[in-house]
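# Structural overview
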Amino acid sequence: MGDHPLDPVRVELTMALARSLGVLDRPGVTVQRPEPATDAVLATVHDPDYIAVVKAASTGRRISMMGLGTLDNPTFVGMHEASALIAGATRRAAEAVWLGETDRAVSISGGLHHAMPDRAAGFCVYNDPAVAIKRVLELGAERVAYVDIDVHHGDGVQEIFYNDPRVLTISLHESPRTLFPGTGFPDETGGAGAEGSAVNVALPPGTDDKGWLRAFHAVVPGVLRAFRPQLLFTQCGADTYRHDPLANLRLTVDGQRAAYLALRDLATEVASGKWVASGGGGYALVECVPRAWTHLLAVLTGDALDPAVETPAAWRELAAERRPSHRVPPAMTDGGDAAWNPWVPGESPDAIDRSIMATRRLTFPFFGLDPHDPRD
């Protein structure tokens, strides 16, 4: 795939960092080898004709249709097999949590939230979060919440469940006026019979840790408490990072770590601890993604890592070997300040507060919440 931004090295370096810091060796932690999703499983979300085209392209045929053969989604040998494996991993994670085999599970290479039923989009071939949520619904779930904190709108997952009141999709992302995919406005609130099932917070470019966390806490907890999900699924794209080359938010790994802690606490409070997480975007391959997702893995498997801990020397050597042109961070912190001030409606709101109010005004009434009351 050449210089494609979705470089597998970010997953390799994440797992190496998590392993070197002992996160994967904690008591009760298992790393499972998943089975690829079958065509029948993929067809719970994707059109059979689309699956057939992906499989044909995976043999080396040059195909330019259904979103394939583009700069974002170039075809390559084995594309179907790799994408089906990711879908199978995320599905297995959700299945294990729903069936009570574990309280929490993560599919770190998953989170491919842009794929649509009939086409590839935004580096995503098969929509593994949707495949996983479909499985949980098959097993009897009546209320599943999906929270997407990737810098890009979780458009594929929203589209797939837009008319299904059993699935609440919440997405915090950079404004669609300035970033792909151009959707995720606050007035996208769910289809007929599923009004209120989509919640979108569109944040202005330049939003930092404090502003992002203020927006998160002004919207997500209240909606989740009202919806009362039986399982929380989160897409934890790390491309909100301040130096991500494809987007314009300004979070540090410290702010991202704070988001994971907040999601963990919400899963405990509203979903009896049932939490499934996936990765997602993230294109600062060395500087951010391995650290952010190692923090995520630590929060999922037990105690959060101290941000001040140093990255191990052996990992720094590996990272420098894999990507010599990238800066290798010496510690698990950026020195960011994850403290935030609660949202309070005011007479002179800034751009972030205006985004918060737009979302609350258009969605909170569906949940019986007062858009103007910061206690909701």
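Above: the structure in question.
Residues numbered from 1 in each chain as written. Predicted model: local features only at pLDDT ≥ 70, side-chain atom pairs only at ≥ 80, totals over all residues. Heavy atoms only, no water.

## Description of the pairing of strand β2 (residues 144-148)
With five of its five residues buried, β2 lies for the most part within the structure. Burial along β2 is two-sided: Val-144, Tyr-146 and Asp-148 facing one way and Ala-145 and Val-147 facing the other are all buried. The pairing of β2 with strand β3 (residues 167-174) spans five bridges and is parallel. Note on β3: the bridge partner recorded for Val-147 is Ile-170. The β-α-β motif built from β2, the intervening helix α6 (residues 155-160) and the parallel element β3 has right-handed crossover chirality. As defined by bridge partners, β2 adjoins strand β5 (residues 231-235) across five bridges and the pair is classed as parallel. Its bridge partner being in β5, Asp-148 is matched across the sheet by Gln-235. (Buried < 20%, exposed > 50% of the residue type's maximum accessible area, 1.4 Å probe, protein only. Helix = DSSP H or I, 4+ residues; strand = E, 2+ residues; numbered from the N terminus. Pairing = 2+ DSSP bridges. Right-handed = clockwise from strand over helix to strand, strands pointing away.)

## Some words on the packing of aromatic side chains
Applying the stated criterion to the full structure yields four aromatic pairs. Judged by centre distance (6.1 Å) and plane angle (85°), the rings of Tyr-50 and Tyr-126 are edge-to-face. Placement of the pair is Tyr-50 in helix α3 (residues 48-57) and Tyr-126 in the loop between β1 (104-107) and α5 (128-138), with a sequence separation of 76 residues. There is no split in this pair, since Tyr-50 and Tyr-126 are both buried. (Phe/Tyr/Trp six-rings, centres within 6.5 Å; stacked < 30°, edge-to-face > 60°.)

## Considering the packing of helix α1 (residues 9-20) against helix α10 (residues 313-322)
Their axes nearest at 10 Å, the elements α1 and α10 cross at an angle of 170°. Accordingly, the angle class assigned to the pair α1 and α10 is roughly antiparallel. Between α1, through Val-9, Glu-12, Leu-13, Ala-16, Leu-17 and Ser-20, and α10, the contact on the second element is made entirely by Trp-315, Leu-318, Ala-319 and Arg-322. Tallied by class, residues from the contact of α1 with α10 come to seven nonpolar, one polar and two charged. (Axes fitted to C-alpha atoms, helices over the stretch in contact; angles between N-to-C directions. Parallel < 35°, antiparallel > 145°, perpendicular 65-115°, else oblique. Contact = heavy atoms within 4.5 Å. Nonpolar A, V, L, I, M, F, W, Y, C, P; charged D, E, K, R; others polar.)

## Observations concerning the sheet that holds β3
In any sheet, the strands associate via hydrogen bonds between backbone groups, in a parallel or an antiparallel arrangement. With parallel pairing, the six strands of this open sheet are ordered in space as β1-β6-β5-β2-β3-β4. Pairing within the sheet leaves two strands with one partner each, and these edge strands are β1 and β4 (198-203). Recorded for the sheet is a direction-independent mean angle of 10° between the axes of neighbouring strands. In this sheet, β4 lies alongside β3 in parallel orientation, the contact comprising six bridges. Looking at the pairing, Ser-171 lines up with Asn-200 of β4. Against the sheet, helix α4 (residues 79-98) touches β1, β5 and β6 (275-278), its axis set at about 175° to β1.

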